[in-house]
Amino acid sequence: MKKIIEVEVKSKKADPVAVETDLLVVGHFSDSKGLDKLCRELDGRLGGAISRVVEPGDFKGKEGSSAIVYGEGKVGAKRILLVGLGEKKKATVDTVRKAAALAANKAVEMKAGRVSLALHNALGGKFDAVTMGQVMGEGVYFGSFRYDEYVTAEENGRLGSLKVEVVEADSKKLRKLEKGVSAGSIIGRAQSYARTIANRPGNAISPPVLAEEAKSVAKETPGLACTVFDEKQMKQNGMGGVLAVGSGSKAAPRFIVIKYAPKAKRASRSAVVGLVGKAITFDSGGISIKPATNMEQMKLDKSGGVAVLATMKAIAELRLPLSVYGIIPSAENMPSGASFRPGDIVTTYSGKTVEIQNTDAEGRMILCDGIHYAVRQKCDIIIDIATLTGSCKVALGRYMAGLMSNDDGLLKQLQKAAKLSGEKVWALPCSDEYAEEMKSKVADLKNTGSKWGGACTAAAFLRQFAGEKKWAHIDMAGVDVFEKPNESASAGASGYGVRLLTSYLMNLASRKS
Ligand code: BES
Ligand code: MN
Ligand code: ZN
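I will try to describe carefully the structure that is included in this document. Every chain is numbered independently, its residues counted from 1 as its sequence is written. Labels are handed out in written order, letters beginning with A for the chains and numbers beginning with 1 for the ligands. Reporting of local features is limited, given that this is a predicted model, to residues whose pLDDT is at least 70; pairs of side-chain atoms are given and counted only at 80 or more, and all residues count toward the totals for whole chains, interfaces and linings. With hydrogens and water stripped out, all remaining heavy atoms of the structure feed into the side-chain values.

## Section: the overall build of the chain
Where helices and strands are cited, they refer to DSSP runs of H or I of at least four residues and of E of at least two residues respectively, numbered from the N terminus. The secondary structure content of the chain amounts to 15 helices and 20 strands. With C-alpha atoms as the basis for the radius of gyration, the globule rule is written as 2.2 Å multiplied by the number of residues raised to the power 0.38. Taken over the C-alpha trace, the chain has a radius of gyration of 24 Å; the compact-globule value for 513 residues is 24 Å, and the two agree within 12%. Considered along the principal axes of its C-alpha atoms, the chain spans approximately 80 × 50 × 40 Å. Think of it in three bands: with a 1.4 Å probe and only protein chains considered, a residue is buried below 20% of the maximum accessible area for its type, exposed above 50%, and partly exposed in between. Residues classed as buried in the chain amount to 59% of the 513 residues present. A sequence separation of at least 24 residues applies to 78% of the contacts in the chain between residues at least 6 apart. Using a 1.4 Å probe, the Shrake-Rupley method yields the accessible areas, and only the shown protein chains count as cover for residues. Summed over all atoms, the accessible surface of the chain reaches about 21100 Å², with 51% contributed by carbon and sulfur. Contacts are assigned to residue pairs with any non-hydrogen atoms lying within 4.5 Å of each other.

This is the structure we're talking about:
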């Protein structure tokens, strides 16, 4: 299999005007009066080449737009990429992340293997330098990502590696940028890893293969330990939800647990977090089979679990002072003579019984066992993430995930992390009215509600397995994939959740210390 593009992001003390590079990246606001200091200096060296693009309005600095100017031996860079940052007052850290992603995307497109980023320059002191470094690092990974492991045809020699440096002449600023860049690289690399695994098809990633993948991540990352329950151990523990969903497939289900314990002692005082991710390696719907159209997209039904796996890798590499469980129930949902059926009554790990009305509502059946596992491990905070319902996609579209919680504080913290990470959420309800719809006449619960509010009834089902613990649910069904490429991302798995969860945990860790 072909290796995905190797990316490296560093920082370097250098004058952006002089730095030798294939591509120098600078930002420009749409409402700025004239060019900023760096652009003016470059423009001067280039005999007005930048002004000639900006003045007639060929490049207006709109978000998502860009223009190229050639260095012609007059500056260190072969090319200069002007990236639009939109209106200055509207700029957020995500504006910078997206600009870096756009630049990295362009660099791969034009096979520029050496890129120098001076994007932070245009922002002055609007955001702190550590954050700037972090988001530029994340953005580079995000924008340069291509999933082409299985493409054997030599695509005209696509870039094998991309080397990026954030350039800054001021040493004091550089040190801060450097700190951010190294965190951003960890998070960016973890997200690209998530996108790679999520994109792999159902014939490559089965629950046992995913479990092996989790074990190897844990083995190569200090601070992580991985335990995998096979079918026999799941039976002994009574994990009936995962077992029911996995029963129809030749590939056996697995219950994957990754534990991160930091070295620092102070972690013992802080809350223990449980992240629970849905990892259905392929969702055919089972006996309640899905229509054929777009069914191939259901290889992405493991995205929540993969986001949890990649987040565990990131937080261990960041050495956050927090104890975290990554809990990944995994199964393949297939129709066969051994499948679970509509009408079946399943005893879940918690002891609660569930009447199956639709085998395609399988995500909640594996998550309820995962959430209960987190309760038993005495996690204080439980966050589950899943491609759970088509209704969430209908409600919110492709730009943000649904967020439900039983705790306002946790909800607010996740909203804050969403703002910082650029992985957006929108709060939806999961109150008692919705839970009422999930009551069964023949069991404690049933696995579907009425025709309406499917994202909310699904969340209300899950809420009941969290007991008194602080719990939140992220329904990422609408944001798991880019159907088409855009200016800052290629098509395929989005890696959604890695930045959001990591950002949440970074904030939680810094509050405790
Ligand atoms: N994995 C799907 C949800 C999904 C749909 C994710 C579209 C991404 C894109 C989930 O397992 C499912 O099939 N949910 C059903 C639930 C229904 C049967 C109550 C749905 O949303 O239709
Ligand atoms: Mn389903
Ligand atoms: Zn599913």
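Now that the structure has been shown, we can carry on.
## A few points about the coordination of the manganese ion (ligand 2)
Distances from the manganese ion (ligand 2) to its protein donors, namely Asp-283 (OD), Asp-360 (O), Asp-360 (OD) and Glu-362 (OE), fall within the range 2.1 to 2.2 Å. For the manganese ion (ligand 2), the 6 donor atoms are set out with angles of 70 to 167 degrees between them, so the coordination reads as irregular. Because water is not among the atoms used, a metal site may look incomplete, as its donors are only the N, O and S atoms within 2.8 Å, or 3.2 Å for Na, K and Ca. In terms of primary sequence, the donors binding the manganese ion (ligand 2) are separated according to D-x76-D-x1-E. Metal-to-metal, the separation of the manganese ion (ligand 2) and the zinc ion (ligand 3) is 3.2 Å; Asp-283 coordinates the two. One end of the pair, Asp-283, is in strand 10 (residues 279-283); the other, Glu-362, is in the loop between strand 13 (353-355) and helix 10 (363-376), and 79 residues separate them in sequence. Each of the two residues, Asp-283 as well as Glu-362, counts as buried. Under the classification used here, a metal with four donors is tetrahedral if each angle lies between 85 and 135 degrees, square planar if opposite donors are over 155 degrees apart and the others between 65 and 115, a six-donor metal meeting that same test is octahedral, and anything else is irregular.

## As for the side chain of His-473
The topology assignment puts His-473 in strand 18 (residues 470-475). For His-473, the side chain forms a polar contact with the side chain of Asp-384, separated by 2.5 Å. The contacts of His-473, once residues within four sequence positions are left out, are Asp-384, Leu-388, Gly-402, Leu-403, Met-404, Ala-459 and Leu-462. Polar contacts here mean pairs of N or O atoms no more than 3.5 Å apart (in protein, one a potential hydrogen donor and the other a potential acceptor; neighbouring residues in sequence count only if both atoms are side-chain atoms).

## Overview of unusual backbone geometry
Negative phi values dominate among residues other than glycine, just as trans dominates among peptide bonds. Here the phi dihedral of Asn-294 falls at roughly 65 degrees; this positive angle occurs in a residue that is not glycine. For Asn-294, the position within the fold is in the loop between strand 10 and helix 9 (303-317). Its identity is not glycine, yet Lys-378 carries a phi of approximately 65 degrees, on the positive side. Within the element layout of this structure, Lys-378 appears in the loop between helix 10 and strand 14 (381-386). What makes Lys-378 exposed here is its relative accessible area of 61%.

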